Amino acid sequence: MKTVTLIGGITGILMAVIAYFAELNSWMSTEVVLTVGFAGYVLIITAIAYFLLAWLYKGSKKLDVL
């Protein structure tokens, strides 16, 4: 699951960067740029949330020992 999430996060970063440059250079219409950028942001946020929740879960396992 970590590999899939990492690939999703990297893909989201690439999508957001491509959308940014597409908007700067007017490569595509505004609607397409906004859609690609939004999808990229969603992938980035999902990857960050997964890793933060996994980190919190791992930390809570250590607290059960105490």
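Our structure's up above, just so we're on the same page.
A brief structural summary. Source: prediction; values computed, not measured. (Residues numbered from 1 in each chain as written. Predicted model: local features only at pLDDT ≥ 70, side-chain atom pairs only at ≥ 80, totals over all residues. Heavy atoms only, no water.)

Time to look at helix H1 (residues 2-25). With 24 residues, H1 extends 35 Å between its outermost C-alpha atoms, agreeing within 8% with the 34 Å of an ideal straight helix rising 1.5 Å per residue. Within the span of H1, buried status applies to Thr5, Gly8, Gly9, Gly12, Ala16, Ala19 and Ala22. (Helix = DSSP H or I, 4+ residues; strand = E, 2+ residues; numbered from the N terminus. Expected span 1.5 Å × (residues − 1). Buried < 20%, exposed > 50% of the residue type's maximum accessible area, 1.4 Å probe, protein only.)

It is worth spelling out the packing of aromatic side chains at this point. The final tally for this structure, using the stated rule, is two aromatic pairs. Between Tyr20 and Phe21, the ring centres sit 5.6 Å apart and the planes meet at 65°, which makes this aromatic pair edge-to-face. Relative accessible area serves as the criterion here: at 40%, Phe21 is assigned to the partly exposed category. Between Tyr50 and Phe51, the aromatic rings sit 5.5 Å apart at their centres with planes inclined by 70°, giving edge-to-face as the arrangement. We classify Phe51 as partly exposed; its relative accessible area is 32%. (Phe/Tyr/Trp six-rings, centres within 6.5 Å; stacked < 30°, edge-to-face > 60°.)

Bringing the side chain of Thr5 into the picture now. On the secondary structure map, Thr5 appears in helix H1. Since its relative accessible area comes to 10%, Thr5 is described here as buried. Of the polar contacts made by the side chain of Thr5, one reaches the backbone oxygen of Met1; its length is 2.8 Å. Those residues in contact with Thr5 that lie beyond four places of it in its chain are Ala47, Tyr50 and Phe51. (Polar contact = N/O pair within 3.5 Å; in protein donor to acceptor, adjacent residues only side chain to side chain. Contact = heavy atoms within 4.5 Å.)

By themselves, these observations are geometric and do not establish any function.
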